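So you can see what is in the structure, the chains are spelled out below.
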Amino acid sequence: MIRGGPLTGRPKPVPSWSARWRATARSCGAPASGWSPDRRPGSGPTTFLAVPQPERDNLRGRRTRDSAARTGKLCYAGVEVTEVAGPSEMTCPISPFRTRSRAFFAAGPLLALGAALLFAPPPAVAAGDSQPPSIRLRVAGGLADLRQYVRHEQPFWSRRVPELTGGRVKVEIAPFDRSGIRGQEMLQLMRLGVVPFGNVLLSLAAADDPELNGIDLPVLNPDVASLRRTAALWRPGLKALLRDRYAVELLAVYTYPAQVVFCRRPFSGLSDLAGRRVRTSSVGQSELVSALGAAPVVIPFAETLGAMRSGVVECAITAAMSGNAIGLHELTSHLSRLAVGWGVSVFAVNRTTWLALPEDVRTSLGEGLRQLEDEIWRSAEVETENGLACNAGSDDCVDGRRGRMTIVEERDQDEALRAQLLRDVVLPSWVRRCGAGCAETWNRHIAPALGLWAKER
């Protein structure tokens, strides 16, 4: 691409992407030489990091112009934030993301999430005072209004993290779905450093990378014990995948409660769903429902009750307590105990950001997150059983509305059908979407324990 010169009219080359980044970095205080866009932060009081051009993701770069003197805007420099001195106008690059995300970063509860790890300027202290500087983190948490976020994630980051670090670390957290961030884009934004700390719902991220959700394939984990076993087997491969493919560090694995089947008319097992229209929420669930001879209808959770009321669907796959909360127990009569899926998510951090934290802070956060992970798993198990109890109208119901539904218990023939569907439909369909590499990963981590081998296509 060329443009005409201002005086001669002769074409002149437009500066390359790398050259523009170097010029911008120099305006933010980077050294004039020895710097490249791909360079990771090194040692020294101030380090600089530019996001590699994301050509393979088909994302378009953007730049924004702000007056440092007028707004006091900070120029992002790796994990540190260096104030730009002087009245001159600067052009600082920002990582590519969609318009919706840009609006969120312009004004929202997580302002400047792209610089999510901020080392606050150290206060003026007397000579010899060794008090470490304070650290501010901004975190994109899980789904808003659900128990995982309200009762576990938010209190952990808002209260427990400051306690674990002796008040050194302060955190602002907001749910990603209330922050203008699409779950499908979370890992790419984390790879670029736009969202360094984030909760990634694997069923959403798997739309672009199906290998991520091998831990939670439909009917793979009929109960929480099965899910715990699968998670333990899959975790090493997931950790390596996130590090190598997205440059993020896996810190915790969470799960939402079990996804079960609500139906208006009686049914005794999965085979009875044939001929019915069933609300699903993912490609994998739709493939499973189709294999049962039913008609899958992908519907957002918020529209599920209306679809059931209007007759668009006769059954719905969703969590027992979530369905209770929106009133599905008032429109349906039967509810299965068998978990079709769970909704596994990972909490991760941009690796550059993570390594820039002091070692003692990383240790404290790591220990705290392991405790948080255990609490969330226990809560998901309790909420699953509580959802079944409330929908059935049991005296064991807590925090829900009592219904009069019939709980469909799993039978021997249902277990046989589940195993057949997993072997003949679910696993082959996942490998077909994911590729031979996923079959190899499955056979290395999962197959020896389950005796279920994936065929490489």
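Calculation criteria
Residues numbered from 1 in each chain as written. Predicted model: local features only at pLDDT ≥ 70, side-chain atom pairs only at ≥ 80, totals over all residues. Heavy atoms only, no water. Helix = DSSP H or I, 4+ residues; strand = E, 2+ residues; numbered from the N terminus. Buried < 20%, exposed > 50% of the residue type's maximum accessible area, 1.4 Å probe, protein only. Contact = heavy atoms within 4.5 Å. Areas by Shrake-Rupley, 256 points an atom, 1.4 Å probe, with all protein chains shown as cover. Phe/Tyr/Trp six-rings, centres within 6.5 Å; stacked < 30°, edge-to-face > 60°. Core = buried A, V, L, I, M, F, W, Y, C linked by side-chain atoms within 4.5 Å. Disulfide = S-S within 2.5 Å. Pairing = 2+ DSSP bridges. Axes fitted to C-alpha atoms, helices over the stretch in contact; angles between N-to-C directions. Salt bridge = Lys/Arg side-chain N within 4 Å of Asp/Glu carboxyl O. Expected span 1.5 Å × (residues − 1). Bend = angle between axes of the 7 residues up to and from the residue. 1 Å grid on protein atoms, 1.4 Å probe; cavity = no way out; pocket = protein on both sides within 12 Å on 5 of 7 lines; lining within 4 Å. Points joined across faces, edges and corners; volume = space filled by probe spheres on them. Nonpolar A, V, L, I, M, F, W, Y, C, P; charged D, E, K, R; others polar. pLDDT = per-residue confidence, 0-100.

**Student:** What's the story with the overall build of the protein in this structure? I'm lost.
**Tutor:** Scanning the protein for helices and strands turns up 15 helices and 18 strands. Of all 457 residues assigned to the protein, the portion counted as buried reaches 51%. Sequence-distant contacts, at least 24 apart, represent 68% of the contacts inside the protein between residues at least 6 apart. Total accessible area on the protein is roughly 21,200 Å²; 51% of this is exposed by carbon and sulfur atoms.

**Student:** Looking at this structure, how should I read the packing of aromatic side chains?
**Tutor:** For any pair of aromatic rings, the description consists of the separation of the ring centres together with the inter-plane angle of the planes. Inspection of every chain in the model, using the stated rule, returns eight aromatic pairs. Relative to F197, the ring of W157 lies with its centre 6.3 Å away and its plane at 70 degrees, an arrangement referred to as edge-to-face. Placement of the pair is W157 in helix α4 (residues 147-164) and F197 in strand β10 (residues 197-201), with a sequence separation of 40 residues. One exposure class covers both W157 and F197, and it is buried.

**Student:** For this particular structure, what's the right way to read the nonpolar core?
**Tutor:** The nonpolar side chains of soluble globular proteins are, as a tendency, buried together. Counting residues in each nonpolar core, the largest one holds 81 residues, and the members touching the most others are L187, L212, L242, W430 and W442. In terms of residue count, the dominant contributor to this core is helix α13 (residues 412-434) (nine residues). Apart from residues no more than four positions distant in its own chain, W442 is found in contact with G214, L217, L220, W234, L427, W430, A447, L450, L452 and A454. Within the second largest apolar cluster, 23 residues are counted, among which are Y149, F156, V171 and L369.

**Student:** Even after reading the chapter, I still don't get the state of the cysteines, so can you show me in this structure?
**Tutor:** A covalent bond bridging the sulfur atoms of two cysteines is what the word disulfide describes. In the structure shown here, the tally under the stated rule is three disulfides. Linked covalently through their sulfurs, C263 and C315 form a disulfide whose S-S length is 2.0 Å. Taking the torsion about the sulfur-sulfur bond, which here is approximately 110 degrees, the covalent link between C263 and C315 counts as right-handed. With a gap of 52 residues between them, C263 in strand β12 (residues 259-263) and C315 in strand β15 (residues 315-319) connect regions that are remote in the sequence. By relative accessible area, C315 is classed as buried at 0%. Through a disulfide, C434 is tied to C438; the S-S separation comes to 1.7 Å. Measuring the twist about the S-S bond at about -45 degrees, one finds the C434-C438 disulfide to be left-handed. The exposure classification of C434 matches that of C438, with both residues buried.

**Student:** Could you clarify how one ought to interpret the sheet that holds strand β14 (residues 295-298) in this entry?
**Tutor:** Backbone-to-backbone hydrogen bonds pair the strands of a sheet. The strands run either parallel or antiparallel. With respect to topology, six strands assemble into an open sheet ordered β14-β13-β15-β12-β16-β18, the strand pairing being mixed. Two strands in the sheet have a free side with no partner beyond their single neighbour: β14 and β18 (406-408). The average undirected angle you get between the axes of adjacent strands in this sheet is 30 degrees. Summarising the sheet, strand β13 (residues 277-280) and β15 pair through two bridges and their orientation is parallel.

**Student:** How should I be thinking about the pattern of salt bridges in this particular structure?
**Tutor:** One side chain can pair with another of opposite charge once the charged atoms of both are near each other. Under the criterion given, the structure shown has 26 salt bridges. Across the pair D145 and R178 runs a salt bridge, and its minimum N-O distance is 2.4 Å. In this pair, D145 sits in the loop between β8 (135-141) and α4 while R178 sits in the loop between β9 (169-175) and α5 (186-192), placing the two residues 33 residues apart along the sequence. Here D145 matches R178 in class, with each residue exposed. Of the charged contacts in the structure, one is a salt bridge between E409 and R337, with a shortest N-O distance of 2.7 Å. Here E409 is found in the loop between β18 and α13, whereas its partner R337 is found in the loop between β16 (334-336) and β17 (344-350), with 72 residues between them in sequence. One connected set of salt bridges, linked through shared partners, spans K239, R243, E249 and R351.

**Student:** Looking at this structure, how should I read α13?
**Tutor:** Residue pairs three or four apart in sequence face the same way in an α-helix, which turns once every 3.6 residues. When the terminal C-alpha atoms of α13 are compared, their 31 Å separation across 23 residues agrees well with the 33 Å that a helix rising 1.5 Å per residue should span. Maximal helix bending in α13 amounts to about 45 degrees, located at L422.

**Student:** Is there a simple way to explain empty space enclosed by the protein in this structure?
**Tutor:** Over the atoms, a rolling probe the size of a water molecule traces out where space has been left empty. Inspection of the entire model under this criterion finds three cavities of 30 Å³ or more. Taken as a whole, the largest cavity holds about 80 Å³ of empty space. If you go around the largest cavity, the residues you meet are F267, S268, G269, L270, S336, L338, V408, E409, E410 and D414. Across the lining of the largest cavity, the residue classes break down as four nonpolar, three polar and three charged. Quantified by volume, the second largest cavity comes out at close to 60 Å³. In terms of lining residues, the second largest cavity is bounded by Q184, L187, Q188, A205, D208, D209, L212 and Y246. Its residues assigned to classes, the lining of the second largest cavity shows four nonpolar, two polar and two charged.

**Student:** I would appreciate a short explanation of the confidence of the model for the protein in the present structure.
**Tutor:** Atomic detail in the predicted coordinates should be set aside for any region of low pLDDT. In this model, the protein carries a mean pLDDT of 78, and residues with pLDDT of at least 70 account for 71%. Low pLDDT, under 50, characterises residues 1-127; the stretch is placed with 203 contacts to residues that sit more than four places away or in other chains.

**Student:** Explanation requested: the side chain of H445 in the structure shown.
**Tutor:** Tracing the chain through its elements places H445 in helix α14 (residues 436-445). Excluding residues within four positions of it along the chain, H445 makes contact with L233, W234, P236 and G237.

**Student:** Mind showing me how you'd approach the pairing of strand β11 (residues 248-255) here?
**Tutor:** Along a regular strand, successive side chains alternate from one face of the sheet to the other. By the criterion of burial, β11 is predominantly enclosed, with eight of the eight residues buried. Pairing between β11 and β17: seven bridges, direction antiparallel. By the bridge assignment, T255 is partnered in β17 with V344.

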